[in-house]
Amino acid sequence: MNTSHTANLKKGLWLGLLGITMFAMTLPMTRLAVGTPEAPLMSGLFIAVGRAVVAGLLSALLLWWSKAPLPPRDTWGPLVLVALGVVFGFPIFTSIAMRHVEAVHASVMVGVLPLATAVVGAFLNRQRPSTGFWVCALAGTALVVAFAVLRSGHSGLSLQMADVLLLLAMACAAVGYGHGGRLSQRMRAEHVICWALVIALPINLPLAVWQFPSVALPASAWVAFAYVSVFSMWLGFFAWYKGLALGGTVRVSQVQLLQPFLGMLFAVPLLGERLDAVTVGFGVAVIATVFIGRRMPVQTPVKAAVA
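Rules behind the numbers
- Within each chain, residue numbers correspond to sequence positions counted from 1 in written order.
- Owing to the predicted nature of the model, reporting of local features is limited to residues with pLDDT of at least 70; listing and counting of side-chain atom pairs is limited to 80 or more, with chain, interface and lining totals taken over all residues.
- Side-chain measures here rest on the full set of heavy atoms in the structure, leaving out hydrogens and waters.
- Helix and strand definitions follow DSSP, with helices as H or I runs of at least four residues and strands as E runs of at least two, each counted in order from the N terminus.
- Note that the radius of gyration is over C-alpha atoms, with the globule rule given as 2.2 Å times the number of residues to the power 0.38.
- Only protein chains enter the area calculation, which uses a 1.4 Å probe; residues under 20% of their type maximum are buried, those over 50% are exposed, and those in between are partly exposed.
- Per-residue accessibility takes into account occlusion by the displayed protein chains alone, with areas from the Shrake-Rupley method and a 1.4 Å probe.
- Note that His is not counted, nor are the chain ends; the positive residues are Lys and Arg, and the negative ones are Asp and Glu.
- A charged residue contributes its charge at one atom only: NZ of Lys, CZ of Arg, CG of Asp or CD of Glu.
- Each residue after the first adds 1.5 Å to the expected span of a helix.
- Only heavy atoms enter the contact rule, under which two residues are in contact if any of them lie within 4.5 Å.
- Patches in this entry comprise residues that are over 30% relatively accessible and not in a salt bridge; like charges within 9 Å are linked, as are nonpolar side chains (Val, Leu, Ile, Met, Phe, Trp, Tyr) within 5 Å.
- What counts as a salt bridge is simple: a side-chain nitrogen of Lys or Arg found within 4 Å of a carboxyl oxygen of Asp or Glu.
- Residues belong to a common nonpolar core when they are buried Ala, Val, Leu, Ile, Met, Phe, Trp, Tyr or Cys residues joined through side-chain atoms within 4.5 Å.
- Stacked, edge-to-face and tilted labels apply to pairs of Phe, Tyr and Trp rings (six-membered ring for Trp) whose centres lie within 6.5 Å, assigned for plane angles under 30 degrees, over 60, and everything in between, in that order.
- Angles shown run from 0 to 180 degrees and are taken between the N-to-C directions of axes, each axis being a line fitted to C-alpha atoms and, for helices, limited to the stretch in contact.
- Put simply, angles under 35 degrees are roughly parallel, angles over 145 are roughly antiparallel, angles from 65 to 115 are roughly perpendicular, and the rest are oblique.
- Handedness of a crossing follows from how the near helix is turned relative to the far one, being left-handed for an anticlockwise turn of less than a right angle and right-handed for a clockwise one.
- Residues are grouped as follows: nonpolar covers Ala, Val, Leu, Ile, Met, Phe, Trp, Tyr, Cys and Pro; charged covers Asp, Glu, Lys and Arg; every other residue, Gly included, is treated as polar.

**Observations concerning the overall build of the protein chain**
Part 1 of the argument: On a plain count of helices and strands, the protein chain comes out with 13 helices and two strands.
Part 2 of the argument: Its C-alpha atoms give the protein chain a radius of gyration of 19 Å, within 12% of the compact-globule value 19 Å for 307 residues.
Part 3 of the argument: Taking the principal axes of the C-alpha coordinates as reference, the protein chain spans close to 70 × 50 × 30 Å.
Part 4 of the argument: Buried residues in the protein chain amount to 52% of all 307 residues.
Part 5 of the argument: Of the roughly 14000 Å² that the protein chain leaves accessible, carbon and sulfur atoms contribute 71%.
Part 6 of the argument: Separation of charge centres in the protein chain, based on 19 positive and 7 negative side chains, amounts to 18 Å.

Structure representation (structure tokens):
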């Protein structure tokens, strides 16, 4: 591995960590905005489309201010897939689910996302992760899934509807991350999410107006909504997509294994949820898989030389 590649990987991992740290507050903040079944606040649909409208308007201003050119014609299809994954799918499924599960429970479900993102990234970029890499990815995923089952409060392995929605959200995010990371190798990273948000505005804007809250809500709900609009839906992707482009989707995606436990740490002061020794133990084990997995080889096929 040459010096330039090593430097890009290191920078990509740090940017990925910055993006994931912003994303880790998404579920606790969404829970704060959506409320509980006993004390509902904003609707899940409004949070999902409303945050995309705020981020979409900011994106339109940034694209205009930076005189960004229109994306090449062959990028519009992948941009639509990015929008379907991270502008529509992930926000809608998580926002609806978060009224029915605690942030700590939802955070551990995010543990399946690194493996899903790595699979999508490897497929799109024709990369061949080593067996050791996949063992580490599967081990980390198994740890967080085991933790989710252990703390689910239900016997057996059956999933609640909220869990199904969260798993669907992870699948949508993986598709959006994979295509977004690939597009960021051709476009400026911030322009990828900006164009995806602008593409979605004609659908999200009327839905947000329709779902706008008709009753007064506490300031905490609006602060949480502002966070998921500006950081979760916009600025976090600037760092995340740039990190994926620099370090590679397959490798940088493993930083996501830290997201469930960062989410739990944020849920403690924000929502008053409890963090105990078992949670910390699982967190340390997952961090170990990230540390080992990032050192496993990932091969990218070299284009055949022209004779």
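Now that the structure has been shown, we can carry on.
**Notes on helix H13 (residues 277–293)**
Part 1 of the argument: For H13, with 17 residues, the first-to-last C-alpha span of 24 Å sits near the 24 Å given by 1.5 Å per residue.
Part 2 of the argument: Next to the buried residues of H13 lie helix H7 (131–150), helix H11 (249–252) and helix H12 (259–271).

**A look at a nonpolar patch on the surface**
Part 1 of the argument: Taken together, Leu 265, Val 268, Leu 275, Val 280 and Val 284 make up a surface patch of nonpolar side chains, about 380 Å² in accessible area.
Part 2 of the argument: Every element with two or more residues in the nonpolar patch is listed here: H12 and H13.
Part 3 of the argument: Checked against the element boundaries, Val 280 lands in helix H13.
Part 4 of the argument: When its relative accessible area of 45% is taken as the criterion, Val 280 is described as partly exposed.

**With respect to the pattern of salt bridges**
Two side chains that carry opposite charge are able to pair once their charged atoms sit near each other.
Part 1 of the argument: Across all of its chains, the model carries two salt bridges by this definition.
Part 2 of the argument: A salt bridge links Asp 74 to Arg 186, with the nearest nitrogen and oxygen atoms 3.2 Å apart. Here Arg 186 lies in the loop between helix H8 (161–183) and helix H9 (189–211) and Asp 74 lies in the loop between helix H3 (44–65) and helix H4 (76–97), a separation of 112 residues in the sequence.
Part 3 of the argument: A salt bridge links Glu 190 to Arg 188, with the shortest nitrogen-to-oxygen separation between them at 2.4 Å.

**Here's the deal with unusual backbone geometry**
Part 1 of the argument: Backbone geometry places Lys 67, a non-glycine residue, at a positive phi of 55°.
Part 2 of the argument: Of the residues examined, Lys 67 reaches a relative accessible area of 72% and is grouped as exposed.

**Some words on the nonpolar core**
Part 1 of the argument: Counting 79 residues, the largest nonpolar core has Val 87, Tyr 177 and Tyr 241 as the members making the most contacts within it.
Part 2 of the argument: Here the element with the most residues in this core is helix H10 (residues 219–247); it accounts for eleven residues.

**As for the packing of aromatic side chains**
Part 1 of the argument: Throughout the structure, instances matching the rule amount to 15 aromatic pairs.
Part 2 of the argument: Aromatic side chains Phe 46 and Trp 222 sit 6.3 Å apart centroid to centroid with 80° between the ring planes, which places their arrangement in the edge-to-face category. Within this pair, whereas Phe 46 is found in helix H3, its partner Trp 222 is found in helix H10, the two being separated by 176 residues in sequence.
Part 3 of the argument: Classification of Phe 46 by relative accessible area gives buried; the value is 3%.
Part 4 of the argument: Trp 222 sits in the partly exposed class, given a relative accessible area of 31%.

**Points about the environment of Trp 240**
Part 1 of the argument: Structurally, Trp 240 can be placed in helix H10.
Part 2 of the argument: As for Trp 240 and Ala 106, which are separated by 134 residues in sequence, their C-alpha atoms are 21 Å apart.
Part 3 of the argument: Excluding residues within four positions of it along the chain, Trp 240 makes contact with Leu 15, Gly 16, Gly 19, Ile 20, Phe 23, Tyr 177, Val 252, Ser 253 and Gln 256.

**Overview of the packing of H8 against H10**
Part 1 of the argument: Between H8 and H10, the least distance of the axes is 8 Å, while the angle of their chain directions is 65°. As the angle between them shows, H8 and H10 are arranged roughly perpendicular. Where H8 crosses over H10, the two elements pack in a sense that is right-handed. In contact with Gly 176, Tyr 177, Gly 180 and Gly 181 of H8, H10 contributes Phe 237, Trp 240, Tyr 241, Leu 244 and Ala 245.
Part 2 of the argument: Across the contact of H8 with H10, the residue classes break down as six nonpolar, three polar and no charged.

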